[in-house]
Amino acid sequence: MTWERKDLLGLRELSAAEIETILDEAGRFKQAAPEGAPLSGRTVAFLFSEASTRTRSSFEIAARRLGAEVLGFSVANSSLLKGETLLDTLWNLEAMGVDYFIVRHEQSGVLEPLAARTKASLVNAGDGAHEHPTQALLDLFTLREKKGGLKGLKVVIVGDIKHSRVARSNVYALKKFGAKVTLCGPQSLVPADLAALGVTLSHDLDAALEGADAVNVLRIQLERQKQNLITSVGDYYLAYGLTAERLKLAKPDCIVMHPGPMNRGVEISSHAADGPQSVILEQVANGVLVRMAVLSLLESRRKK
Ligand code: CP
């Protein structure tokens, strides 16, 4: 299909066909390097007001592989700290020739009003507890590759669902492809209203793992918690930590996923994280391909 969108803000608004287009493009990049330099002459900048290892680095590698220039811009050393708004920052960088902004921000929904006021393309690299579309895309890419398809798969997402943009983007996307999603965690971290998204809610990981094709383990986001939503890290690990023992309750070929950053001994044991069923580092590798696909499709629309 022809790509029509200027920005990638979230997966809720994308059709299954659009998501499939991105995954297929990523698959082509897995088979062969890009022909030429499709983003030659383009400049990519990062507006990250939250820390990142995987998303920022893989976008940077993706942009360079496509021939783009990457601006060494850091929010921490910028005039945002002197009170300049994000929109003014964006307009100023756009005036210098920036074509793509990869944005991570603590505020949910911050990108939509910005996208409407710039000709540059915006990519959501995680906004508050709203969406993290490229993480979910790389999760789907990995699932599809490992399982041969998404329809009918049972995917258990366990952890801090309440604060997780990764969980939301995964739910939006997986549901479009007919996967069965279970969101699991303590009541304080699994909001009941998420059942409206057509998912199963569970507070019992052992029961939830039965028949699971994949378990996606999320970090407890202590930095977003305004009150103590878990009694203790030790209690949490006992009830919801994914261990090699617990993994035996799932299908024998159940894959272990984690978006990172991982807190070993809090939400996952090292045996589960590094064991034969883990695809965590494959997810990371696929992240570069998916981000190349996103930039390449956005560029195809800009060139029209
Ligand atoms: N998964 C993810 O977003 O990781 P980073 O925070 O390291 O980018």
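Values in this document were obtained by computation on a predicted structure and should not be read as measured data. (Residues numbered from 1 in each chain as written. Predicted model: local features only at pLDDT ≥ 70, side-chain atom pairs only at ≥ 80, totals over all residues. Heavy atoms only, no water.)

### Notes on the site of the ligand
Point 1. Taken together, Ser-52, Thr-53, Arg-54, Thr-55, Arg-104, His-132, Gln-135, Pro-259 and Gly-260 make up the full set of residues adjacent to the ligand.
Point 2. Interatomic distance of 2.7 Å between a backbone N/O atom of Thr-53 and an oxygen atom of the ligand.
Point 3. One nitrogen or oxygen atom from the side chain of Thr-55 is found 2.7 Å from an oxygen atom belonging to the ligand.
Point 4. In the complex, the protein chains occlude 93% of the 250 Å² of accessible area that the ligand would expose alone.
Point 5. Here the shell around the ligand is composed, by residue class, of one nonpolar, six polar and two charged. (Near = heavy atom within 4 Å. Polar contact = N/O pair within 3.5 Å; in protein donor to acceptor, adjacent residues only side chain to side chain. Areas by Shrake-Rupley, 256 points an atom, 1.4 Å probe, with all protein chains shown as cover. Nonpolar A, V, L, I, M, F, W, Y, C, P; charged D, E, K, R; others polar.)

### Notes on the nonpolar core
Point 1. Grouped together as the largest cluster of nonpolar side chains are 60 residues, with contacts concentrated most on Ile-102, Leu-137, Leu-143, Leu-183 and Leu-295.
Point 2. When residues in this core are grouped by element, the largest group, nine residues, is from helix α11 (residues 280–302).
Point 3. Setting aside its immediate chain neighbours within four residues, Leu-295 contacts Leu-39, Phe-59, Ala-62, Ala-63, Leu-66, Tyr-100 and Ile-102. (Core = buried A, V, L, I, M, F, W, Y, C linked by side-chain atoms within 4.5 Å. Buried < 20%, exposed > 50% of the residue type's maximum accessible area, 1.4 Å probe, protein only. Helix = DSSP H or I, 4+ residues; strand = E, 2+ residues; numbered from the N terminus. Contact = heavy atoms within 4.5 Å.)

### Structural notes on the side chain of His-105
Point 1. Within the element layout of this structure, His-105 appears in strand β3 (residues 100–105).
Point 2. A polar side-chain atom of His-105 sits 3.0 Å from the main-chain amide nitrogen of Gln-107.
Point 3. With residues near it in sequence (within four places) discarded, His-105 still touches Ser-49, Glu-50, Leu-86, Val-110, Gly-126, Asp-127, Gly-128 and Arg-165.

### Some thoughts on the sheet that holds strand β2 (residues 69–70)
Point 1. If you walk across this open sheet you meet the four strands as β2-β1-β3-β4, and the pairing is parallel. The sheet is open, and its two borders are formed by β2 and β4 (121–127), each paired with just one other strand.
Point 2. The pairing of strand β1 (residues 43–48) with β3 spans five bridges and is classified as parallel. Each bridged residue has a counterpart across the sheet, and for Ala-45 the counterpart in β3 is Phe-101. (Pairing = 2+ DSSP bridges.)

### Focus on the packing of helix α2 (residues 54–65) against α11
Point 1. The geometry of α2 relative to α11 is characterised by a closest axis approach of 8 Å and an angle of 55° between their N-to-C directions. Judged on the interaxial angle alone, α11 and α2 are oblique. Crossing geometry of α2 relative to α11 is assigned as right-handed. Where α2 approaches α11, its residues Arg-54, Thr-55, Ser-58, Phe-59, Ile-61, Ala-62, Ala-63 and Arg-65 are matched on the opposing element by Val-284, Gly-287, Val-288, Arg-291, Met-292 and Leu-295.
Point 2. Residue composition of the contact of α2 with α11, by class: eight nonpolar, three polar and three charged. (Axes fitted to C-alpha atoms, helices over the stretch in contact; angles between N-to-C directions. Parallel < 35°, antiparallel > 145°, perpendicular 65-115°, else oblique. Left-handed = near helix turned anticlockwise from the far one by under 90°.)

### Some details on the domain arrangement of the protein chain
As a measure of interface size, the accessible area lost when the parts come together is often cited.
Point 1. Domain annotation for the protein chain reports domain 1 (16–131 + 284–302) and domain 2 (133–281).
Point 2. Using C-alpha coordinates to define each centre, domain 1 is positioned 26 Å away from domain 2.
Point 3. Contact residues are listed per partner, giving 32 residues for domain 1 and 26 residues for domain 2.
Point 4. With both sides pooled, the region where domain 1 packs onto domain 2 buries about 2,300 Å², and carbon together with sulfur makes up 60% of that total.
Point 5. Among the residues domain 1 hides against domain 2, the three largest losses belong to Ile-19, Leu-23 and Glu-131. Together they make up 26% of the total.
Point 6. Of the charged contacts, one joins Glu-50 and Arg-165 as a salt bridge, the two residues approaching to 3.0 Å between their closest N and O atoms.
Point 7. Where domain 1 touches domain 2, the interface holds ten residue pairs in polar contact (both at pLDDT 80 or more). (Domains from an automatic or database assignment. Buried area = accessible area lost by both parts, 1.4 Å probe. Salt bridge = Lys/Arg side-chain N within 4 Å of Asp/Glu carboxyl O.)

### Describing the sheet that holds strand β7 (residues 200–202)
Point 1. Taken in spatial order, the five strands line up as β7-β6-β5-β8-β9 in an open sheet, and their pairing is parallel. Unpaired on one side and paired on the other, β7 and β9 (255–257) mark the two borders of the sheet. Here the average twist between neighbouring strands, direction ignored, is 20°.
Point 2. On top of the sheet, helix α5 (residues 133–147) reaches β5 (154–158), β8 (214–217) and β9; it is set at about 170° to β9, its chief contact.

### Some details on unusual backbone geometry
Point 1. Following Gly-260, the chain continues into Pro-261 via a peptide bond in cis, with omega recorded as -10°.
Point 2. Looking at the secondary structure, you find Pro-261 in the loop between β9 and α10 (270–274).

### Some remarks on the pattern of salt bridges
Point 1. Per the stated rule, a full pass over the model turns up 18 salt bridges.
Point 2. With its nearest N and O atoms 2.9 Å apart, the salt bridge here joins Glu-145 to Lys-30. Remark: Lys-30 occurs in helix α1 (residues 16–31) and Glu-145 occurs in helix α5; sequence separation between them is 115 residues.
Point 3. Accessibility expressed as a relative area gives 37% for Glu-145, which makes it partly exposed.
Point 4. Taking the shortest distance from any N to any O, the salt bridge between Glu-282 and Lys-146 comes out at 2.7 Å. With a gap of 136 residues between them, Glu-282 in helix α11 and Lys-146 in helix α5 connect regions that are remote in the sequence.
Point 5. Glu-282 gets classed as partly exposed once you look at its relative accessible area, which sits at 33%.

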